[in-house]
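# Coordinate inspection notes
Residues per chain are reported as follows:
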Amino acid sequence: ADAVRGLDTASLDLPGWRHVYSGKVRDLYEPDLPALGGAHPLGDVVLVVASDRVSAYDHVLSPGIPDKGTVLTQLSLWWFEQLADLVPNHVVSTEVSAEPGDGLVPDVVAGRAMVCRRLQMFPVECVVRGYLTGSGLVEYRAGQNVCGVPLPAGLVDGSRLPEPIFTPATKAEIGDHDENVTFDQVAATIGDEAATRLRDLTLAVYARAESIARERGVILADTKLEFGIDPESGAVVLGDEVLTPDSSRFWPADQWEPGHAQPSFDKQFVRDWLTSAESGWDKASDVAPPALPGTVVERTRDRYLEAYERLTGSALH
Ligand code: ATP
Ligand code: MG
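Residues numbered from 1 in each chain as written. Chains lettered and ligands numbered in written order. Predicted model: local features only at pLDDT ≥ 70, side-chain atom pairs only at ≥ 80, totals over all residues. Heavy atoms only, no water.

We now examine the overall build of the protein. If you tally the helices and strands in the protein, you get six helices and 18 strands. Taken over the C-alpha trace, the protein has a radius of gyration of 20 Å; the compact-globule value for 317 residues is 20 Å, and the two agree within 12%. Counting the 317 residues in the protein, one finds 49% classified as buried. Residue pairs in contact within the protein that sit at least 24 positions apart in sequence constitute 65% of those at least 6 positions apart. Between the centroid of the 27 positive side chains of the protein and the centroid of its 48 negative side chains there is a distance of 4 Å. (Helix = DSSP H or I, 4+ residues; strand = E, 2+ residues; numbered from the N terminus. Rg over C-alpha atoms; globule rule 2.2 N^0.38 Å. Buried < 20%, exposed > 50% of the residue type's maximum accessible area, 1.4 Å probe, protein only. Contact = heavy atoms within 4.5 Å. Lys, Arg positive; Asp, Glu negative; His and termini not counted. Charge placed at Lys NZ, Arg CZ, Asp CG, Glu CD.)

Ranked by size, the top nonpolar core spans 54 residues in total, and within it Trp-79, Phe-122, Ile-190, Phe-227, Leu-238 and Leu-243 carry the most contacts. In terms of residues, this core owes the most to one element, helix α4 (residues 192–215), which gives nine residues. Excluding residues within four positions of it along the chain, Phe-227 makes contact with Val-87, Met-121, Phe-122, Cys-126, Leu-198, Leu-201, Thr-202, Val-236, Val-237, Leu-238 and Gly-239. If you look at the next biggest cluster of nonpolar residues, it comprises 11 residues, including Val-54, Leu-61, Val-270 and Trp-273. (Core = buried A, V, L, I, M, F, W, Y, C linked by side-chain atoms within 4.5 Å.)

Turning next to unusual backbone geometry. Cis geometry marks the peptide bond from Ser-62 to Pro-63, where omega comes out at -5°. Along the polypeptide, Pro-63 turns up in the loop between β5 (59–60) and α1 (68–82). A positive phi angle is found at Tyr-57, which is not glycine, with a value near 50°. With respect to the secondary-structure elements, Tyr-57 resides in the loop between β4 (55–56) and β5. In the Ramachandran plot, Leu-243 falls in the positive-phi region, its phi being about 55° despite a non-glycine side chain.

Residues of helix α2 (residues 134–143) that are buried include every one of Gly-136, Leu-137 and Tyr-140, and no others. Burial along α2 is one-sided: seen end-on, the buried residues are contained in an arc of 95°. Exposed residues pointing more than 90 degrees away from the buried face of α2 are listed as Val-138 and Ala-142. Where α2 is buried, its residues touch β9 (124–131) and β10 (145–146). The first or second residue beyond α2 is Gln-144, which carries a positive phi of 50°. (Arc of directions from axis to C-beta.)

We now examine the site of ligand 1. As a structural note, the neighbourhood of ligand 1 is formed by 14 residues, with Tyr-21, Lys-24, Arg-26, Lys-171 and Glu-226 the closest of them. Take His-90: an N or O atom from its side chain is 2.8 Å from a nitrogen atom of ligand 1. Here Lys-171 contributes a side-chain N or O atom positioned 2.8 Å from an oxygen atom of ligand 1. For ligand 1, the accessible surface in isolation is 600 Å², of which the surrounding protein chains cover 87%. By residue class, the composition of the shell around ligand 1 is five nonpolar, two polar and seven charged. (Near = heavy atom within 4 Å. Polar contact = N/O pair within 3.5 Å; in protein donor to acceptor, adjacent residues only side chain to side chain. Areas by Shrake-Rupley, 256 points an atom, 1.4 Å probe, with all protein chains shown as cover. Nonpolar A, V, L, I, M, F, W, Y, C, P; charged D, E, K, R; others polar.)

Here the focus is the sheet that holds strand β2 (residues 26–31). Reading across the sheet, the five strands line up as β1-β2-β3-β7-β6 and stay open at both edges, with antiparallel pairing between neighbours. Each edge of the open sheet carries a strand with a single partner, namely β1 (17–22) and β6 (91–93). Strand-to-strand twist across the sheet, computed as the mean angle between neighbouring axes with direction ignored, equals 40°. Where α1 meets the sheet, it contacts β3 (45–50), β6 and β7 (113–117), and its direction lies at approximately 45° from that of β7. (Pairing = 2+ DSSP bridges. Axes fitted to C-alpha atoms, helices over the stretch in contact; angles between N-to-C directions.)

Attention shifts here to the side chain of Ser-248. Tracing the backbone through its elements, the reader meets Ser-248 in strand β18 (residues 248–252). For Ser-248, the side chain forms a polar contact with the side chain of Thr-223, separated by 2.8 Å. Polar contacts involving the side chain of Ser-248 include one to the side chain of Ser-247, which spans 3.3 Å. In this structure, Ser-248 is in contact with Leu-220, Asp-222, Thr-223 and Leu-243, ignoring residues within four places of it in sequence.

Right, let's talk about the sheet that holds strand β8 (residues 120–121) for a bit. An order of β8-β16-β17 is seen for the three strands of this open sheet, with the pairing classed as antiparallel. With partners counted over all chains shown, the strands left at the sheet margins are β8 and β17 (236–238), one partner each. Here β8 runs beside strand β16 (residues 227–229); their pairing, made up of two bridges, is antiparallel. Within the sheet, the bridge partner assigned to Met-121 lies in β16 and is Gly-228.

Here we take up the pairing of β1. Bridge count between β1 and β2: five bridges; the pairing is antiparallel. Of the residues in β2, the one forming a bridge with Ser-22 is Asp-27.

With 97% of its residues at a pLDDT of 70 or more, the protein has an overall mean of 94. Both confidence scores are given for the complex: pTM 0.95, ipTM 0.96. (pLDDT = per-residue confidence, 0-100.)

Put into structure tokens, the structure is as follows:
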């Protein structure tokens, strides 16, 4: 079938920018200084581009999900604004280039890219959970705690926790799983003061976002944030993407029913199809997953668009 391929932004030639890194979903570019006459007009910045790539079970799948990169970027920008009084963020500009080499967002990635302050990222995935599921549930079943935080007995998949908990993880290289760690392990790595600051900021962001989402009929079950230091000011700054379906679990509130997996506004259809008999793929094997059928791509695209629209209250385009 001729499924529409997502835009692969890792392979683009962007005037004024040099590709430096690609994760599973995002591509990072730095200023091509010679092309810019020696310095970027906005200082020490990077271009963060969200692609349409979709990953599941640690594989990047094909084809991509059309508009996914735009949803991730526009939703992050919307959240950064909702959180601006709680924590500074890395966004410097989303303005589209007027002429090649002016250091702004190249036309071909307009809407999906942001010029951001280059941060020294903390090597910590700042995860916060208000509900129990996923790797949190697995840990809970093994020892009635998550990342060393003790929890009451009797919780099930999808249970609301007595209060939101900070459950950090260490960042894995591509292909490896992130590993849950305790607060004390984070403190041993980055120091007590920074660890406490990251925990407090993470919990504050969750409290704000959870209440905004709830007003819109969406449960924010958990989310992952990444922070860095702005070398110029020394401030702790919120980086990366925030509160997107890739970094968070969003559940329709009216369908919440603890005791089993919840429907969610993300790549649920992708995971369901990959693990179904129809795909013929064995998750435990080292084999790459088969191409996604057009219907799975379409339904996943609709899910991402719906998440954007429900949370922000407006349509994407
Ligand atoms: P994964 O595929 O597991 O997500 P990843 O996190 O390395 O791996 P992406 O999330 O696709 O991949 O890429 C975004 C990368 O950019 C991350 O490494 C993130 O830490 C980094 N990053 C985000 N914001 C900034 C910033 N302002 N300055 C420097 N690096 C940043
Ligand atoms: Mg990432």
